[in-house]
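Fold and geometry: a report
Here's the letter readout for the chains.
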2 protein chains.
Amino acid sequence: MGEVPRSHPRYNSLMGRELLTDAATEGLLAESALIAHGRGEAFNYLLGEATSDSALMAIKHAAAVMNSANNCVISVNGNAVALAAADLIRCAAVLQCPVEINIYYRTPERMVALYSKLETVKAEVMLSKPPVGWQGDWKVAVNSVPILGAEPNGRIPNLEGPRANCCKEGILEADVIFVPLEDGDRCEALIDMGKTVIVVDLNPLSRTAKMATITIVDELMRMTPLLLSHLVNSSDGKPNIEWDNQMILDSALRVMLSRLEE
Amino acid sequence: MGEVPRSHPRYNSLMGRELLTDAATEGLLAESALIAHGRGEAFNYLLGEATSDSALMAIKHAAAVMNSANNCVISVNGNAVALAAADLIRCAAVLQCPVEINIYYRTPERMVALYSKLETVKAEVMLSKPPVGWQGDWKVAVNSVPILGAEPNGRIPNLEGPRANCCKEGILEADVIFVPLEDGDRCEALIDMGKTVIVVDLNPLSRTAKMATITIVDELMRMTPLLLSHLVNSSDGKPNIEWDNQMILDSALRVMLSRLEE
């Protein structure tokens with residue numbers, strides 16, 4: 001993949017495919033993860049592989065909501081780690097919130113592999129430049145981001161089995177959860193707990209997209225730098241309380257419709 | 001998956017996912033195969049996970065063209081074997097034509113695994129019931145289906161590397177090639193050789209779908225029993241020579257559009 005320049009219009013798609021197959025080899029992913037990524041690729045294709053105006057609106061609103069949270073958490077699964085671990089840790093450093101590994105098909109091997117991967121990426125991010133406009137000691141800020149999930153001490157109500165496991169200091173006590181690529185059942189269970197749930201989902205027709213408080217219909221690698229930038233830019237101010245998520249979903253569908261109509 | 005009944009509306013999707021992850025474990029698939037399957041899942045979802053009227057029209061026309069061929073061949077890759085090996089061997093038995101393994105990312109290991117899988121499935125199909133309406137000795141008919149590809153002795157012009165390899169008695173001499181899930185480059189190279197190329201592709205916007213002589217926009221597991229039935233039913237007669245493939249693609253797009261518009 002070294003030959004694909006960052007300016008290539010399909011850079012994200014080609015790089016995403018590479019990152020996911022690498023992550024599968026490293027044992028970070030469940031069996032169904034590559035198939036789920038492929039579904040996303042198809043919807044991304046219909047979006048024209050670009051961040052739409054309405055997705056950008058959702059990203060800005062999400063940043064304001066996350067900045068105003070009492071307890072924010074960034075919940076990640078294998079695909080999120082594979083695609084955007086570094087930028088998600090940067091977001092957590094800016095917010096000074098934990099990152100929690102929370103995977104649907106939980107096995108000890110995958111949890112260890114993901115934890116180790118996140119710790120490695122965190123060490124790399126500590127040595128990287130801080131986001132433009134951010135003030136403070138970046139190394140200290142990144143170092144203080146807890147990576148949770150290895151030892152779950154709480155459960156999400158109304159879910160059965162290991163997928164209900166979570167951490168008290170993370171998902172359980174959070175009022176705002178940023179959880180890219182979540183499944184429908186768990187999204188619903190988190191909403192039922194009264195939490196603000198922000199998801200990233202390329203399929204505006206999915207149950208997750210419909211259930212979430214804020215749905216960002218965009219590709220994760222493409223949207224994380226935008227989210228980071230808006231988290232740093234605190235002038236976004238208080239979140240608009242009259243958020244119309246259905247309007248966002250309709251708008252994403254219209255982008256896809258116009259692409260198919262071409 | 002034992003608990004999913006055949007009558008389940010999403011049976012094909014759920015079973016397809018299971019078959020693909022099993023095939024990946026067995027070493028039948030390239031790294032990108034599961035991602036490609038996921039893309040197909042998304043388009044299948046937009047099709048309402050059903051065979052459309054225009055797809056059925058394409059299947060009937062394909063059956064007539066395959067029945068009228070001088071030398072037909074069924075070309076399979078890892079995904080096609082994983083999803084529909086038995087029904088594709090049944091089609092080959094009815095047509096008395098070869099099945100050729102032809103994979104984009106050719107490795108000796110995958111070729112051996114696919115060859116061995118097809119021989120196993122062929123032995124099972126020999127012991128299964130013949131298709132309804134078919135006359136003759138089924139065991140003999142299935143037994144005489146050559147499984148080609150292990151020792152390529154020809155090359156597809158205008159393609160570089162191992163992906164150009166093929167068999168003289170299969171793809172090279174065929175006038176009609178049924179090749180589900182083909183990639184765009186190879187589809188174009190086969191068309192440039194003057195061959196009639198019949199593809200199965202869930203994405204009506206793909207280069208393969210646009211390049212092929214006949215494009216069946218349908219899910220492979222769902223369409224193979226229909227193709228088999230129409231191959232057996234010889235009353236389909238001579239193929240309609242005024243085939244409008246663009247109309248078929250437009251029709252598939254309209255089904256997807258109406259689904260998004262809902």
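The preceding data block contains the structure.
The model shown is predicted, which means the values in this text are computed figures rather than measured ones. What you see as residue numbers is a count from 1 along each chain, following the sequence as written. Chain letters start at A and ligand numbers start at 1, both assigned in the order the entries are written. At least 70 in pLDDT is required for a residue's local features to be given in this predicted model, at least 80 for side-chain atom pairs to be given and counted, and no such filter applies to totals for whole chains, interfaces and linings, which use all residues. As a rule here, side-chain values come from all non-hydrogen atoms in the structure, and water together with hydrogens is ignored.

Within chain A, the regular secondary structure consists of 11 helices and eight strands. The C-alpha radius of gyration of chain A comes to 17 Å, within 12% of the 18 Å expected for a compact globule of 262 residues. Across its three principal directions, the C-alpha atoms of chain A cover 50 × 45 × 40 Å. The 262 residues of chain A split such that 56% are buried. It only takes one pair of heavy atoms within 4.5 Å for two residues to be counted as in contact. Here the contacts in chain A between residues at least 6 apart in sequence split such that 67% fall between residues at least 24 apart. Calculation of accessible area relied on Shrake-Rupley with a 1.4 Å probe; when residues are assessed, cover is drawn exclusively from the protein chains displayed. Of the accessible surface of chain A, which amounts to about 11,200 Å², a share of 51% is contributed by carbon and sulfur atoms. His is not counted, nor are the chain ends; Lys and Arg add positive charge and Asp and Glu add negative charge. A charged residue contributes its charge at one atom only: NZ of Lys, CZ of Arg, CG of Asp or CD of Glu. One way to put it: in chain A the 23 positive side-chain charges average out to a point 2 Å from where the 33 negative ones average out. Helix and strand labels come from DSSP, where a helix needs a run of H or I of at least four residues and a strand needs a run of E of at least two; each type is numbered from the N terminus. Throughout, the radius of gyration refers to the C-alpha atoms, and the reference size of a globule is 2.2 Å times the residue count to the power 0.38. Under the scheme applied here, a residue whose accessible area is under 20% of the maximum for its type counts as buried, over 50% as exposed, and between as partly exposed, the area being computed with a 1.4 Å probe on protein chains only.

Residues and elements named next belong to chain A. Residues of helix α8 (residues 184–192) that are buried include every one of Gly184, Arg186, Cys187, Ala189 and Leu190, and no others. On its buried face, α8 is in contact with α7 (168–172), β6 (176–178), β7 (196–200) and α9 (207–211). Once α8 ends, the next one or two residues include Gly194, with phi positive near 85 degrees.

Time to look at the interface of chain A and chain B. Counting residues at the interface gives 22 residues for chain A, matched by 22 residues for chain B. By buried area we mean the combined loss of accessible area, with a 1.4 Å probe, across both parts when two parts are placed together. When residues of chain A are sorted by the area they lose upon contact with chain B, Ile35, Leu257 and Leu260 of chain A head the list and together hold 29% of the total. The term salt bridge refers to a pairing of a side-chain nitrogen on Lys or Arg with a carboxyl oxygen on Asp or Glu at a separation within 4 Å. Put simply, chain A and chain B have two salt bridges between them. With its nearest N and O atoms 2.5 Å apart, the salt bridge here joins Arg39 of chain B to Glu41 of chain A. In the analysis that follows, any N or O atom pair within 3.5 Å is treated as a polar contact, provided that within protein one partner can donate a hydrogen and the other can accept it, and provided that, for residues neighboring in sequence, both atoms belong to side chains. Scanning the region where chain A abuts chain B turns up four residue pairs in polar contact (both at pLDDT 80 or more). Ranked by residues supplied to the side of chain A that touches chain B, first place goes to helix α2 (residues 33–46) of chain A with 10 residues. Each residue gets one label: Ala, Val, Leu, Ile, Met, Phe, Trp, Tyr, Cys and Pro are nonpolar, Asp, Glu, Lys and Arg are charged, and the others, such as Gly, are polar. Grouping the constituent residues of the side of chain A that touches chain B by class yields 12 nonpolar, five polar and five charged.

Let us now look at the relation of the copies chain A and chain B. The superposition of copies rests on a least-squares fit of C-alpha positions from residues with pLDDT of 70 or more in both. Of the transformation superimposing chain A on chain B, the axial component is 0.0 Å and the angular component is 180 degrees, with the fit at an RMSD of 0.0 Å. The relationship between the two copies is best expressed as a two-fold rotation axis. Both copies present the same face, since 100% of the interface residues in chain A are matched by interface residues at the equivalent positions in chain B.

All names here are of chain A. Side-chain rings of Phe, Tyr and Trp (the six-membered ring for Trp) are treated as a pair once their centres are within 6.5 Å; stacked means planes under 30 degrees apart, edge-to-face means over 60, and tilted covers the remaining angles. The final tally for this structure, using the stated rule, is two aromatic pairs over all chains. A centroid spacing of 5.1 Å and a plane angle of 75 degrees characterise the contact between Trp134 and Trp138, whose relative ring orientation is edge-to-face. The rule is short: NZ of Lys or CZ of Arg within 6 Å of the ring centre and within 35 degrees of the ring normal puts a charge over the ring. Above the plane of the ring of Tyr45 lies Arg259, whose end atom (NZ or CZ) is 4.6 Å from the centre.

On to the environment of Cys72 of chain A. Structurally, Cys72 of chain A can be placed in strand β1 (residues 72–76). Distance in space between the C-alpha atoms of Cys72 of chain A and Asp53 of chain A is 25 Å, their sequence separation being 19 residues.

All right, on to the sheet that holds strand β7 (residues 196–200) of chain B then. Paired through backbone hydrogen bonds, the strands of a sheet run either parallel or antiparallel to each other. Taking strand neighbours across the sheet as the criterion, the six strands line up as β3-β2-β1-β6-β7-β8 (chain B) in an open arrangement whose pairing is parallel. Edge positions in the sheet fall to β3 (147–148) and β8 (214–216) of chain B, since each has one partner strand and no second. A pair of strands is considered paired only if DSSP assigns at least 2 bridges between the two.

Let us look at unusual backbone geometry. Despite not being glycine, Gln96 of chain A has its phi angle at roughly 55 degrees, a positive value. Relative to the assigned elements, Gln96 of chain A resides in the loop between α4 (78–95) and β2 (99–101).

Relative to the helices and strands, Glu182 of chain A is located in the loop between β6 and α8. Only 3.0 Å separates the side chain of Glu182 of chain A from the side chain of Arg186 of chain A, close enough to count as a polar contact.

In this section: the side chain of Asn203 of chain A. Within the fold, Asn203 of chain A resides in the loop between β7 and α9. In this structure the side chain of Asn203 of chain A is engaged in a polar contact, spanning 2.8 Å, whose partner is the backbone nitrogen of Leu205 of chain A. With residues near it in sequence (within four places) discarded, Asn203 of chain A still touches Phe43 and Ala209 of chain A together with Tyr45 of chain B.

Next up on the list: the pairing of β1 of chain A. In the case of a regular strand, side chains alternate between the two sheet surfaces. Residue and element names in this part refer to chain A. Buried residues dominate β1, accounting for five of its five residues. Taking every second residue as pointing to the same face, both faces of β1 are buried, with Cys72, Ile74 and Val76 on one and Val73 and Ser75 on the other. Handedness of the β1-α4-β2 crossover: right-handed. Convention used here: a crossover is right-handed provided that the path from the first strand, over the helix, to the second strand proceeds clockwise when the strands point away from the viewer.

What follows deals with the sheet that holds β6 of chain A. All names here are of chain A. Ordered by their spatial adjacency, six strands build an open sheet running β3-β2-β1-β6-β7-β8, and the pairing between neighbours is parallel. A single partner strand is all that each edge strand has here, and the edge strands are β3 (147–148) and β8 (214–216). In this structure, β7 lies alongside β8, joined through three bridges in parallel fashion. Bridging from a neighbouring strand, Val200 pairs with Ile216 of β8. Those strands touched by α4 are β1, β2 and β6, and its axis lies near 170 degrees from that of β1. Only the stretch in contact is used when fitting a helix axis, every axis being a line fitted to C-alpha atoms; angles between N-to-C directions are given from 0 to 180 degrees.

Attention now goes to the nonpolar core. In this text, buried Ala, Val, Leu, Ile, Met, Phe, Trp, Tyr and Cys residues form a nonpolar core when linked through side-chain atoms within 4.5 Å. Formed by 127 residues in total, the largest nonpolar core has its most connected members in Ile74 of chain A together with Ile74 of chain B. Discounting chain neighbours no more than four positions away, the residues touching Ile74 of chain B are Met66, Leu88, Cys91, Ala92, Leu95, Cys97, Pro98, Val99, Glu100 and Phe178 of chain B. Counting residues in each nonpolar core, the second largest holds 28 residues, with Leu202 and Ala252 of chain A together with Val217 and Ala252 of chain B among its members.

The next point concerns the pattern of salt bridges. Residue and element names in this part refer to chain A. This structure, assessed with the given rule, holds 18 salt bridges over all chains. Here Glu173 ties to Lys168 by a salt bridge, and the two come within 2.9 Å at their closest N and O atoms. Taking relative accessible area as the criterion, Lys168 reaches 42% and is therefore assigned partly exposed. For Arg222, the salt bridge goes to Asp218, with nearest N and O atoms at 2.7 Å.

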